[in-house]
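Coordinate inspection notes
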Amino acid sequence: MLSPEIIQQIKKVQFKAGHLVTTALAGNYLSAFKGRGMEFDEVREYVPGDDVRLIDWNVTARMSQPYVKVLREERELTLMLMVDVSPSQAYGSSGRRKQEVAAELAAVLAYLAIRNNDKVGLIVFSDHVEQYIPPKKGRGHVWNIIRAVLTHKGAGRRTDISGALESLLQHAGRRSMCFLISDFWASDFDKQLRLAARRHDLVAVRVSDPREHELPDVGMVALQDSETGDFVEVDTSDSRVRSAYHKAAVVREKELLGQLRKAGVGTFAIDTVASVTEPLVRYLRERERRRYR
Amino acid sequence: MRLADPWLLAAALILIPLWLIYQHRRLALRFPSLGVIRGVPPSRWARLRHVPFALRCLAVAALAIALARPQSGNSNTQRTAEGLDIVIILDTSGSMNNRDFTWGRERPTRLEVVKKVITAFINERPDDRIGMVVFGTEAFTQAPLTLDHEVLGRFIDHIQIGMAGEATAIGDGLATAVNRLKSVEAKSKVAILLTDGGNNSGRVDPLAAAQAAASIGVKTYTIGVGSPPQPGNAGQGFDIDEKSLEEIAKTTGGKYFRATNTETLIKVYDTIDKLEKTKVKIDSFANYEDLFTSLVAIALVCLIIELLLGLSRLRRLPS
């Protein structure tokens, strides 16, 4: 079963996430994703204590007994978390690996959803969907999700975002809110991205490590691509190489952003050194602002 | 230049596994994706990244060659020959003018044929002192004993029929040769007497001359030249006194040969050539100098440069 350290880690993440949700994310930020508001569900007999304003007079007149409208909040939201556990996510230059950061964000989001009494589901993917937890409510379910996301050992060798999005389209019938947490080192997922963005409220979370933008000056370095297995030797002592690398990384980031925007996908970035929640809070606030404008 | 232990060059085979290991070294830091790095042009130093390995290969190769012990030096061969003293006694009487011998398609005189055969014989024996005596009515020394066979060849060319008279003074010829050989100190002295007739002139009896030759240790080979009598030209120039020639040979410990045509004449000289072997001592000694020090120095310098490069600018992570 789970080793004590892992349980410890899960508990820590759980506590941290719960704490963040009650402090930093105290506002009902997920309401930014809410639908139209109240929705009629059914009518039932009045029982003392019911709000008299909810009495449905038409039904009461027909039945000659007081009936009240039961309204259901349409905001029964489904949150789908898609976490990339491909080999490229196993990288981390400063203690935390990208996958851990992704797991932390997933845990925070799951807590947020549970607090709002929403359903949470999970898709863990690499070059295939490695694990699928259908959306459910409840605290115990959050535990399941956090454990799954933290303890998952990736088996795939590549990243297949389009496949993961396809399975999202298959599994989630109702419109749901979906966070796709990945480093997006994949190709040919544009079509599925557009499709998923049309059906769901899709947010792309870009996970990166500082090393993916800047190279430190450490001489000649042999690097192996964690997914393709290719080798390359880089002279990091050459300032031109470093600046060219930075430029190339910026270009790549821009291209990705453009692609996501075009597909109508919201996006924000997290990395392995800074706080996970800050970018999340910033993103949610901005989104709320835009909604009320 | 040579290698004392060439098989140790096999040590260079270490390069093969070294190369394979270098080719297949997979020690590298795992990186999320090389997608971005791909587009970065390599630096000038990155182009030199194989230099340390090349230097190491060079060092290994140099050491392998050093192991095989390259040496420079010269092997000296010294040839000390203990030559014989040979006097060729040639009959230049008128009968040598007969054309009963062939040389290829031509039919030169006997003398011409004999001269050619003798020249060939001389060329076979570079270590012997050879002299030349001709006789006819009288006898004289055409060439003294000499090692200069080139000059000797010229002397032979000058021999003509009748240069010593028309008769045949075998005894005088042999006596002149003995006189030539008398005072020399060679271990073995040889006279080769060639004639085509019987002794019919001169003051010295051939057998007496043979006695004299024997007394100072001159071995005398006698050769009778002339084709056997044929119907039509019976007796033409064929009056060899075989008996006395045989006698001369016997007395001096030599041998008598009959040469009836060019082939047998050549064979006769071949036989004499084989019988009278020259003792040749060949001393060869080698003086070699080992050259491995410079190779080891090259290897050392290569390794040091490799080490310095590998520790400084071309240091590779992970090492």
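Residues numbered from 1 in each chain as written. Chains lettered and ligands numbered in written order. Predicted model: local features only at pLDDT ≥ 70, side-chain atom pairs only at ≥ 80, totals over all residues.

**Here's the deal with helix H9 (residues 242–252) of chain B**
Residues and elements named next belong to chain B.
- Along H9, the residues that are buried comprise Leu245, Ile248, Ala249 and Thr252. Viewed along the axis of H9, the buried residues span an arc of 95°, placing them on a single side of the element.
- On its buried side, H9 packs onto helix H7 (170–182), helix H8 (206–215), strand S8 (218–225) and strand S9 (256–259). (Buried ≥ 20, exposed ≤ 12 C-beta atoms within 10 Å, placed from the backbone. Helix = DSSP H or I, 4+ residues; strand = E, 2+ residues; numbered from the N terminus. Arc of directions from axis to C-beta. Contact = placed C-beta atoms within 7 Å.)

**What to know about the nonpolar core**
- Counting residues in each nonpolar core, the largest one holds 60 residues, and the members touching the most others are Leu81(A), Met82(A), Leu105(A), Ala106(A), Ala110(A) and Val149(A).
- Per-element tally for this core: the top contributor is helix H3 (residues 98–115) of chain A, with 13 residues.
- Residues in contact with Leu81(A), not counting those within four places in the same chain, are Ala106(A), Leu109(A), Ala110(A), Val120(A), Leu122(A) and Phe179(A).
- Counting residues in hydrophobic clusters, the runner-up holds 57 residues, among them Leu145(B), Ala164(B), Ile170(B) and Leu265(B). (Core = buried A, V, L, I, M, F, W, Y, C linked by C-beta atoms within 7 Å.)

**Examining the pairing of strand S7 (residues 189–195) of chain B**
All names here are of chain B.
- Counting buried positions along S7 gives 7 out of 7 residues, so the element sits mostly inside the fold.
- Burial along S7 is two-sided: Lys189, Ala191, Leu193 and Thr195 facing one way and Val190, Ile192 and Leu194 facing the other are all buried.
- Relative to S7, strand S4 (residues 85–91) is paired through 6 bridges, and the arrangement is parallel. Across the sheet, residue isoleucine 89 finds its bridge partner in S7, namely leucine 193.
- By the bridge criterion, 7 bridges tie S7 to S8 in an arrangement that is parallel. Counted as the bridge partner of valine 190 is lysine 219 from S8.
- Crossover S7 to S8 through H8 is right-handed. (Pairing = 2+ DSSP bridges. Right-handed = clockwise from strand over helix to strand, strands pointing away.)

**Regarding the sheet that holds S9(B)**
Residues and elements named next belong to chain B.
- A sheet is described by the order of its strands in space; here 6 strands give the open sequence S6-S5-S4-S7-S8-S9, paired in mixed fashion. Both edges of this open sheet fall to strand S6 (139–146) and S9, since each of them pairs with a single strand only. Sheet twist, expressed as the average angle between the axes of neighbouring strands with direction ignored, equals 15°.
- Where H7 meets the sheet, its contacts fall on S4, strand S5 (129–135), S6, S7 and S8, and the angle it forms with S6 comes to roughly 30°.
- Contacting S8 and S9, H9 runs over the sheet at an angle of about 160° to S8. (Axes fitted to C-alpha atoms, helices over the stretch in contact; angles between N-to-C directions.)

**Some points on the interface of chain B and chain A**
- Chain B puts 24 residues into the contact, and the matching count from chain A is 30 residues.
- Considering only residue class, the side of chain B that touches chain A consists of 16 nonpolar, 4 polar and 4 charged.
- In the sheet, strand S8 (residues 220–225) of chain A pairs with strand S11 (residues 316–317) of chain B via 2 bridges, with the strands oriented parallel. From the neighbouring strand, Met220(A) faces S11(B), where its bridge partner is Arg316(B). (Nonpolar A, V, L, I, M, F, W, Y, C, P; charged D, E, K, R; others polar.)

**Quick notes on unusual backbone geometry**
- The step from Leu317(B) to Pro318(B) runs through a cis peptide bond, and the omega angle for that step is -10°.
- Within the secondary structure layout, Pro318(B) lies in the segment after S11.
- Notably, Ser64(A) is not glycine yet its phi reads approximately 50°, a positive angle.
- Phi at Arg69(B) is positive, roughly 55°, even though this residue is not glycine.
- Relative to the helices and strands, Arg69(B) is located in the loop between helix H4 (51–67) and strand S3 (70–82).
- Under the C-beta neighbour-count criterion, Arg69(B) is labelled partly exposed, with 17 such atoms within 10 Å.

**Observations concerning the packing of helix H5 (residues 110–124) of chain B against helix H6 (residues 149–157) of chain B**
Residues and elements named next belong to chain B.
- Close contact between H5 and H6 brings their axes to 10 Å; oriented N to C, the two are set at 175°. As judged from the angle between their axes, H5 and H6 are roughly antiparallel. Together, Lys115, Ile118, Thr119, Ile122 and Asn123 of H5 and His149, Leu152, Gly153 and Ile156 of H6 make up the contact between the two elements.
- Of the residues in the contact of H5 with H6, the class split is 4 nonpolar, 4 polar and 1 charged. (Parallel < 35°, antiparallel > 145°, perpendicular 65-115°, else oblique.)

**Some remarks on the environment of Gly173(B)**
All names here are of chain B.
- Assignment of secondary structure puts glycine 173 in helix H7.
- As a C-alpha pair, glycine 173 and leucine 194 span 21 residues in sequence and 9.9 Å in three-dimensional space.
- Those residues in contact with glycine 173 that sit more than four places away from it in its chain are Ile89, Val133, Phe135, Ala139 and Leu193.

**Considerations on the sheet that holds strand S4 (residues 119–125) of chain A**
Residue and element names in this part refer to chain A.
- The strand order S5-S4-S3-S6-S7-S10 describes an open sheet built from 6 strands, whose pairing is mixed. Edge positions in the sheet fall to strand S5 (129–136) and strand S10 (266–271), since each of these pairs with one other strand and no more. If you compare each strand with its neighbour and ignore which way they point, the axes differ by 15° on average.
- Bridge count between strand S7 (residues 201–208) and S10: 6 bridges; the pairing is parallel. Each residue of the ladder has a partner; that of alanine 204, found in S10, is threonine 267.
- The strands that helix H4 (residues 139–151) touches are strand S3 (78–84), S4 and S5; relative to S4, the one it contacts most, it runs at about 15°.

**Describing the packing of H4(B) against helix H11 (residues 292–311) of chain B**
Residues and elements named next belong to chain B.
- Axis separation between H4 and H11 bottoms out at 8 Å; the angle between their running directions is 160°. Comparing the axis directions of H4 and H11 gives the class roughly antiparallel. Between H4 and H11 the crossing geometry is left-handed. Across the interface between the two elements, Val51, Pro52, Leu55, Arg56, Leu58, Ala59, Ala62, Leu63, Ile65 and Ala66 from H4 touch Phe292, Leu295, Val296, Ile298, Ala299, Cys302, Leu303, Ile305, Glu306, Leu309 and Gly310 from H11. (Left-handed = near helix turned anticlockwise from the far one by under 90°.)

**Some remarks on the confidence of the model for chain A**
- Model confidence for chain A is summarised by a mean pLDDT of 83, while 86% of its residues fall at 70 or above.
- Across chain A, the element-wise mean pLDDT spans from 69 in helix H1 (residues 4–22) of chain A up to 93 in helix H7 (residues 239–262) of chain A. (pLDDT = per-residue confidence, 0-100.)

**Details of the environment of Ala164(B)**
Residues and elements named next belong to chain B.
- When you line up the elements, alanine 164 lands in the loop between H6 and H7.
- Judged by the 26 C-beta atoms lying within 10 Å of it, alanine 164 falls in the buried class.
- As a C-alpha pair, alanine 164 and glutamate 138 span 26 residues in sequence and 5.7 Å in three-dimensional space.
- Among residues more than four places away in sequence, those in contact with alanine 164 are Thr92, Val134, Phe135, Gly136, Thr137, Glu138, Ala139 and Phe140.

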